[in-house]
Amino acid sequence: MTSPETKSSNLKGKVLRGITVYWIYVAYFTLVFAAFTQFRRLILADVGITYANYGIALLEALIFAKVIMVGDALRLGRGLDDKPLIIPTLVKTVVFTLFASTFTLIEHGVKGLWHGTGFLGGLTEFLAKGSAEILAGALILFAAFVPFFALRELGRAFGGEGKLLALLFRARDKR
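Residues numbered from 1 in each chain as written. Predicted model: local features only at pLDDT ≥ 70, side-chain atom pairs only at ≥ 80, totals over all residues. Heavy atoms only, no water.

Enquirer: Talk me through the environment of Arg17; I want residue IDs and the actual numbers.
Expert: As for its placement among the helices and strands, Arg17 is situated in helix 1 (residues 4-46). When the C-alpha atoms of Arg17 and Ile106 are compared, they prove to be 28 Å apart, with 89 residues separating the residues in sequence. (Helix = DSSP H or I, 4+ residues; strand = E, 2+ residues; numbered from the N terminus.)

Enquirer: How would you sum up the layout of surface pockets? Please name residues and give values.
Expert: Of the volumes computed, that of the largest pocket is approximately 1000 Å³. Along the walls of the largest pocket sit 31 residues, with Arg40, Glu60, Lys129, Glu133 and Gly137 positioned nearest its centre. Sorting the residues of the lining of the largest pocket by element identifies helix 1, helix 2 (54-73), helix 3 (86-114), helix 4 (119-127) and helix 5 (131-157) as the ones contributing at least two each. By volume, the second largest pocket is sized at about 460 Å³. As for the second largest pocket, its lining consists of 16 residues, of which Ile24, Tyr25, Leu151, Arg152 and Leu165 are closest to the centre. Only helix 1, helix 5 and helix 6 (161-169) provide two or more residues apiece to the lining of the second largest pocket. It is helix 1 that provides the largest number of residues to the lining of the second largest pocket, a total of seven residues. (1 Å grid on protein atoms, 1.4 Å probe; cavity = no way out; pocket = protein on both sides within 12 Å on 5 of 7 lines; lining within 4 Å. Points joined across faces, edges and corners; volume = space filled by probe spheres on them.)

Enquirer: Any details on unusual backbone geometry? Residues and values, ideally.
Expert: The phi angle at Arg75 is positive, at roughly 60°, despite the residue not being glycine. Assignment of secondary structure puts Arg75 in the loop between helix 2 and helix 3. A residue is classified by how much of its surface remains accessible, and Arg75, at 55% relative accessible area, is exposed. (Buried < 20%, exposed > 50% of the residue type's maximum accessible area, 1.4 Å probe, protein only.)

Enquirer: Quick one: what's the story with the pattern of salt bridges, residue by residue and with numbers?
Expert: Within the structure shown, the criterion is met by four salt bridges. Where Arg40 meets Glu133, a salt bridge forms, and the shortest distance between an N and an O atom there is 3.2 Å. One end of the pair, Arg40, is in helix 1; the other, Glu133, is in helix 5, with 93 residues separating them in the sequence. For Lys92, the salt bridge is made with Glu153, and the minimal N-O distance between the two is 2.6 Å. With Lys92 in helix 3 and Glu153 in helix 5, this pair connects stretches of sequence that are 61 residues apart. Both residues of the pair, Lys92 and Glu153, belong to the buried class. Three or more residues are tied together by salt bridges with common partners; here these are Lys92, Glu153 and Arg156. (Salt bridge = Lys/Arg side-chain N within 4 Å of Asp/Glu carboxyl O.)

Enquirer: Describe the nonpolar core, listing the residues and the values that go with them.
Expert: Membership of the largest hydrophobic core comes to 21 residues, with the highest contact counts inside it found for Tyr25, Phe29, Phe33, Ile68 and Phe145. Listed by contribution, the elements that provide at least two residues to this core are helix 1, helix 2, helix 3 and helix 5. Ranked by the residues each element gives to this core, the list is headed by helix 1, at seven residues. Each residue touching Phe29, except ones within four places of it in the same chain, is listed here: Ala61, Ala65, Ile68, Ala144, Phe145 and Phe148. (Core = buried A, V, L, I, M, F, W, Y, C linked by side-chain atoms within 4.5 Å. Contact = heavy atoms within 4.5 Å.)

Enquirer: Summarise the packing of aromatic side chains; cite the residues concerned and give the values.
Expert: What the rule picks out here adds up to 14 aromatic pairs. Consider the rings of Tyr22 and Trp23, whose centres lie 5.2 Å apart with planes at 80°: the pair is edge-to-face. Arranged with centres 5.7 Å apart and planes meeting at 80°, the rings of Phe29 and Phe145 form a pair that is edge-to-face. A residue pair is termed long-range when its members are at least 10 positions apart, and Phe29 in helix 1 and Phe145 in helix 5 qualify at 116 residues. Just as Phe29 is buried, Phe145 falls in that class too. The structure contains a cluster of three or more aromatic residues connected by ring pairs, namely Tyr25, Tyr28, Phe29, Phe33, Phe64, Phe96, Phe99, Phe103, Phe145, Phe148 and Phe149. (Phe/Tyr/Trp six-rings, centres within 6.5 Å; stacked < 30°, edge-to-face > 60°.)

By themselves, these are just geometric observations and shouldn't be taken as functional.
So this is what it looks like as structure tokens:
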């Protein structure tokens, strides 16, 4: 039987690992969203419009990192472990893009409640952006998820994220 100290130690380890993974995800998504924000800024500057909304990139990264962790807890996209790595990578990319898009709709609905326009008012405001901008946002998310899930699947294939991180960030033996 496990002692209370062992259970506490295991819980601390899981919590620490969860926090570490969350911040790694935040760092990745912040870089990706900041790059797209910079791209948008440069395009708009070309037509004389000032845009410097880098705080949104960080805020979205904080939200999407948590959305990924919730999706993982719900075991979205599981059951493809025996397939070639490209299959679970693409399936998870599509599933999590749809899952994150659903969260985006809910977020805007809640924002509408917060501002007093109601849930549908928030959705209507979001949809008023137009299909091109909404589709572009989903495409950016899809593009961000492809390498994200590819690396996660590679880590799983190597026997866990720890081995892949060791390969990527530790010095190798000279032979």
